[in-house]
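Close look at the chain arrangement
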Amino acid sequence: MDDVKDFGTPKRISDKTVNLTIDGVSVSVPEGTSVMHAASLSGVTVPKLCATDSLEPFGSCRLCLVEIEGRRGYPASCTTPVAEGIKVHTQTPKLADIRRGVMELYISDHPLDCLTCATNGDCELQDMAGAVGLRDVRYGYEGENHLKSVKDTSNPYFTFDPSKCIVCSRCVRACEEVQGTFALTIQGRGFDSKVSAGNKDFKDSECVSCGACVQACPTATLIENTIIEAGVPEHSVTTTCAYCGVGCSFHAEMKGEEVVRMTPNKDGGANHGHSCVKGRFAWGYATHKDRITTPMIRKSIHDPWEKVTWDVAINYAASEIQRIQKKYGRDSVGAISSSRCTNEEVYVVQKLVRAALGNNNVDTCARVCHSPTGYGLKQTLGESAGTQNFDSVMHSDVIMIIGANPTDGHPVFASQMKRRLREGAKLIIVDPRAIDLVNNSPHIKADYHLKLKPGSNVAIVNALAHVIVTEKLMDDSFIKARCEDDAFKSWKDFITKPENSPEAMSAFTGVDAKDVRAAAKIFAKGGNAAIYYGLGVTEHSQGSTMVMGIANLAMLTGNIGREGVGVNPLRGQNNVQGACDMGSFPHEFPGYRHVSDKATLALFEKAWDVKLQNEPGLRIPNMLDVAIDGQFKALYCEGEDIAQSDPNTQHVTHALESMECVIVQDLFLNETAMYAHVFLPGSSFLEKNGTFTNAERRISRVRKVMSPKNGYEDWEITQMLSNALGYKMDYSHASDIMDEIARLTPTFKGVSYKKLDELGSIQWPCNDEHPLGTPTMHIDEFVRGKGKFIITEYVPTSEKVTQKYPLILTTGRILSQYNVGAQTRRTKNVAWHEEDLVEIHPHDAEERGIQSGDWVGIVSRSGETVLRAQITERVQPGVIYTTFHHPESGANVITTDNSDWATNCPEFKVTAVQVNKVTQLSDWQKQYQHFSEEQIEFAGKSKELKIH
């Protein structure tokens, strides 16, 4: 039901204009525009099947032929560029005959089942048959045809029916041009031509289920199973994906209040009509049977839950908080918000803590992922956010990826990045593990893979900077004009020391000095150079130091303040950036203003009509430690699952058990909720209004497409709790909250729902100076004025390998699953990843007698768990790797309490361990299985635990 106009071929941009006539109408278009696109702009629709404006023209279907006066033949309008003064005719008797003949051939080898076909009424082949006036097919079905071709139903989300394929190649081209996976090809020639997924079924092929092929298909050959089951949707609502930090825009296509499919928005500023398997298909969790939609309370975690009304639950939660504060003091309670929540929801949670609870004990899950980004970029550049938009990568000549895996963690942006790499941009990867972009991605290979040892990030960034300075490759004019002179001189004295050379640092990094020197030269002198980084940078004991080192490197080479360059943190969750913007850290009000700043404090005290604390509150690790000490007794946790996502799981659960009232607001009975006393059912992104802010600072609307199954949007629940605590909130719509945010936050001053609806999205800062937003930051000067080089001394982590713990465990994500898996595990994505595995190098496996598929015990200083082994050379000897998407895996049972020196971001990426072959689960897993089954039963739910 996609009613967005398709212009047939991509838009072209040129300073030169070409004038022509199409069917007697004068048209002026940019040079390079196709005749088809020009016709569409003039209101003339040329029939087409192989053409679509998301792909380069192909010219195979022969349906879009036109006549051009003075030229022989009938050129395809999709592949014919406009020329000055030409006169084009798109409708003539001869063209009509040709088109009907072409269409007749297509239909002669196509099932005539339109009335029972799932795409009836939403099929381009059907539309074109009508458009060309085809009324009869002279050719029978007695000859050779493809009508008995067998369907491929292997993919859980879509079906491939080759009997309906017209071999237009749109799916193949989408896989190549848009996704960059090259999983599909046209096999055979002539009549034997067919679409093939490498002679495999779709599920077992290289297909990543992004949906680009399904989106491109003009027939029912590739079709969503939900369309087969539910039929064609009747209306759509534009909203924003609730998975990763790319922030893709989607049309939720509906039948009543039922979502039938999610199609990527062609006008989406972050995704431009592309998607990944999660956003495109994995939205079924919103209606999963595990959803809890009724509030519940209980006195003890050893008691069954009691279902109650909203009033009872809210009043009970408020009375418990008041009781605890009266008994233990004002600071004995706090809250944790989530990066999965909207800006508006996060804002009201931090407001509740500060205004209703009277303290600053509020934190967010950014604490365990990107808090070093906020600190490091604030110190060096002056703003706690990335510098570019995603489209900037198309202007990059050199791309450096540090501690990130874009194809798995940020796949839609990765597709855009791969497009630029195929065009010739150089690629430097700094990662202990061989991610797909190193050499496993078709047509892409890293120029340099600096395969460092986990924990040596700062050593490698210092070595790169050392080469650039000592070999005089730095941008002197940029440094002189844009950076603090004294700070640079001090830093230069530090970085040029021999101990920072690649040769000296190789003892820590394990990387050949020649490769470091070569990569440094490419980065410094290869043109526009951009740095993209992820949790492999931040989740270290020197996470903040490394972020500052990255900023130093960008300033040193002048790669800040224009397209194609910059410092670009790839935020893991959909609203990590927004959660930080909204003041969900214990030391900051919205807009990154310290709670002790007198002017800011006065502003919020006046707006909120309450006296506020001017001292920072407790961070998540502090809350847990103080809870175990007996001084922190109540926690309000909205949308976050610290019992699975935070390090040293047994420490976290001990802290939760030590509290007298844990209030969890979520969709499901997650691992934290099993330790809760109040459960407030939350609403999914499909059931609420609000905004998300993605990794490029893009604020996008989240629109309600169905009524909340729990009865309320999440911000309404927080508002009810605040009111019950005695602090009045009276918002009537999420837009009211954004209006307040805009009044009180300088970078959001010009943001409103009205403007978002008009523009589609806005990148902050949006204010009087930048009313339409700011795609690129720090253009003429840094937010802090002059950029500041900061000395980044390499300090090895205290988490050391020993004879007892000789291996290093590092962690990451996989494409099909998302974070703690609460959403994706309740979708068909489990078909690709039904358990977490541990990757082990063949050398380490052989030493221990381990084969792929064996159970292995992983023991650290914190705990022990058991996972199945996957032997691979993607990891280096001495390093093992696992994901953390399944709670029963216990990945965080073995991670330690080590954290970043500045922000307490956990050192997830470096844990010393030993691995041995075992025959049974760990004690923790056995206890978890018993406890989890009991808690699920207490909630009146049933669950089959998939634990090995």
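It should be emphasised that the depicted structure is a prediction, and the values quoted were computed from it without experimental measurement.

1. Structural notes on the overall build of the chain
Broken down by element type, the chain carries 31 helices and 34 strands. At 29 Å, the chain has a C-alpha radius of gyration in line with the 30 Å of a compact globule built from 948 residues. The principal-axis extents of the C-alpha atoms in the chain amount to approximately 90 × 70 × 65 Å. For the chain, the proportion of its 948 residues judged to be buried stands at 64%. For the chain, long-range pairs separated by at least 24 residues make up 73% of all intrachain contacts whose partners lie at least 6 apart in sequence. Total accessible area on the chain stands at roughly 34,500 Å², and carbon and sulfur atoms take up 49% of it. Side chains of the chain carry 100 positive and 118 negative charges; the gap between the two charge centres is 3 Å.

2. Focus on the layout of surface pockets
In this structure, the second largest pocket encloses a volume near 1,100 Å³. Lining the second largest pocket are 42 residues, with Asp408, Asp436, Ile814, Leu815 and Arg874 sitting closest to its centre. For the lining of the second largest pocket, the elements supplying multiple residues, two or more each, are α11 (406–409), α12 (411–422), β30 (837–840) and β33 (879–883).

3. Re the sheet that holds strand β16 (residues 398–402)
Spatially, the five strands line up as an open sheet ordered β18-β17-β16-β19-β20, and their pairing is parallel. Because the sheet does not close on itself, it has two edges, and the strands there are β18 (448–450) and β20 (566–569). Direction aside, the axes of adjacent strands within the sheet are offset by 15° on average. Contacts between helix α18 (residues 513–525) and the sheet are confined to β16, β17 (426–430), β18 and β19 (529–533), with β18 contributing the most and set at about 125° to the helix.

4. Some thoughts on the side chain of Gln876
Here Gln876 shows up in the loop between β32 (864–871) and β33. Under the relative-accessibility criterion, Gln876 is labelled buried at 12%. At 2.9 Å, the side chain of Gln876 and the backbone oxygen of Pro432 are in polar contact. Here Gln876 is in contact with Pro432, Lys451, Leu452, Lys453, His841 and Asp844, once residues within four sequence places are set aside.

5. Observations concerning the sheet that holds strand β4 (residues 87–89)
In space, the four strands of this open sheet follow the order β2-β1-β4-β3, with mixed pairing throughout. Strand pairing shows two members of the sheet lacking a second neighbour, β2 (25–30) and β3 (67–68), which therefore form its edges. Here two bridges tie strand β1 (residues 17–22) to β4, and the two strands are oriented parallel to one another. Residue pairing for β4: Ile22 is matched across the bridge by Val88.

6. Brief notes about helix α27 (residues 734–744)
Here α27 lies mainly inside the structure; eight of its 11 residues are buried. Of all the residues in α27, the buried ones are Ala734, Ser735, Ile737, Met738, Glu740, Ile741, Ala742 and Leu744. The inward-facing, buried residues of α27 contact α9 (343–357), β22 (593–594), α22 (598–608), β26 (690–693), α26 (714–725) and α28 (753–759).

7. Here we look at the pairing of β26
A two-sided burial pattern is seen for β26, the buried positions comprising Gly690 and Phe692 on one face and Thr691 and Thr693 on the other. Connecting β26 to the antiparallel partner strand β27 (residues 698–702) that follows it, the hairpin turn spans four residues, and Arg697 within it adopts a positive phi of roughly 70°.

8. Some words on empty space enclosed by the protein
Under the counting rule described, the total for this entry stands at 15 cavities of 30 Å³ or more. If you add up the space inside the largest cavity, you get close to 410 Å³. Along the walls of the largest cavity sit 26 residues, with Gly403, Ala404, Asn405, Gly812 and Lys909 positioned nearest its centre. Those elements that place two or more of their residues in the lining of the largest cavity are α11, α19 (535–538) and β29 (807–812). Looking at the lining of the largest cavity residue by residue, the class counts come to nine nonpolar, 12 polar and five charged. Quantified by volume, the second largest cavity comes out at close to 260 Å³. Lining the second largest cavity are 20 residues, and of these Arg340, Asp666, Leu667, Ser683 and Lys688 sit closest to its centre. Partitioned by chemical class, the residues of the lining of the second largest cavity number eight nonpolar, six polar and six charged.

9. Concerning the UniProt feature "domain: 4Fe-4S His(Cys)3-ligated-type" (unreviewed entry) in the chain
Taken from the UniProt record, the annotation "domain: 4Fe-4S His(Cys)3-ligated-type" (unreviewed entry) applies to residues 94–133. Taken end to end, residues 94–133 is 57% helix and 0% strand, and its first and last C-alpha atoms sit 13 Å apart.

10. So, the packing of aromatic side chains
For the structure on display, the rule yields 23 aromatic pairs. When the ring of Tyr347 is compared with that of Trp608, the centres are 6.2 Å apart and the planes differ by 75°; the resulting orientation is edge-to-face. Taken together, the positions of Tyr347 in helix α9 and Trp608 in helix α22 put the pair 261 residues apart, joining distant regions of the chain. Neither Tyr347 nor Trp608 differs from the other in exposure class; each is buried.

The rules behind these values
- Residues numbered from 1 in each chain as written.
- Predicted model: local features only at pLDDT ≥ 70, side-chain atom pairs only at ≥ 80, totals over all residues.
- Heavy atoms only, no water.
- Helix = DSSP H or I, 4+ residues; strand = E, 2+ residues; numbered from the N terminus.
- Rg over C-alpha atoms; globule rule 2.2 N^0.38 Å.
- Buried < 20%, exposed > 50% of the residue type's maximum accessible area, 1.4 Å probe, protein only.
- Contact = heavy atoms within 4.5 Å.
- Areas by Shrake-Rupley, 256 points an atom, 1.4 Å probe, with all protein chains shown as cover.
- Lys, Arg positive; Asp, Glu negative; His and termini not counted.
- Charge placed at Lys NZ, Arg CZ, Asp CG, Glu CD.
- 1 Å grid on protein atoms, 1.4 Å probe; cavity = no way out; pocket = protein on both sides within 12 Å on 5 of 7 lines; lining within 4 Å.
- Points joined across faces, edges and corners; volume = space filled by probe spheres on them.
- Pairing = 2+ DSSP bridges.
- Axes fitted to C-alpha atoms, helices over the stretch in contact; angles between N-to-C directions.
- Polar contact = N/O pair within 3.5 Å; in protein donor to acceptor, adjacent residues only side chain to side chain.
- Nonpolar A, V, L, I, M, F, W, Y, C, P; charged D, E, K, R; others polar.
- UniProt positions renumbered as here; feature names shortened; annotations may be inferred.
- Phe/Tyr/Trp six-rings, centres within 6.5 Å; stacked < 30°, edge-to-face > 60°.

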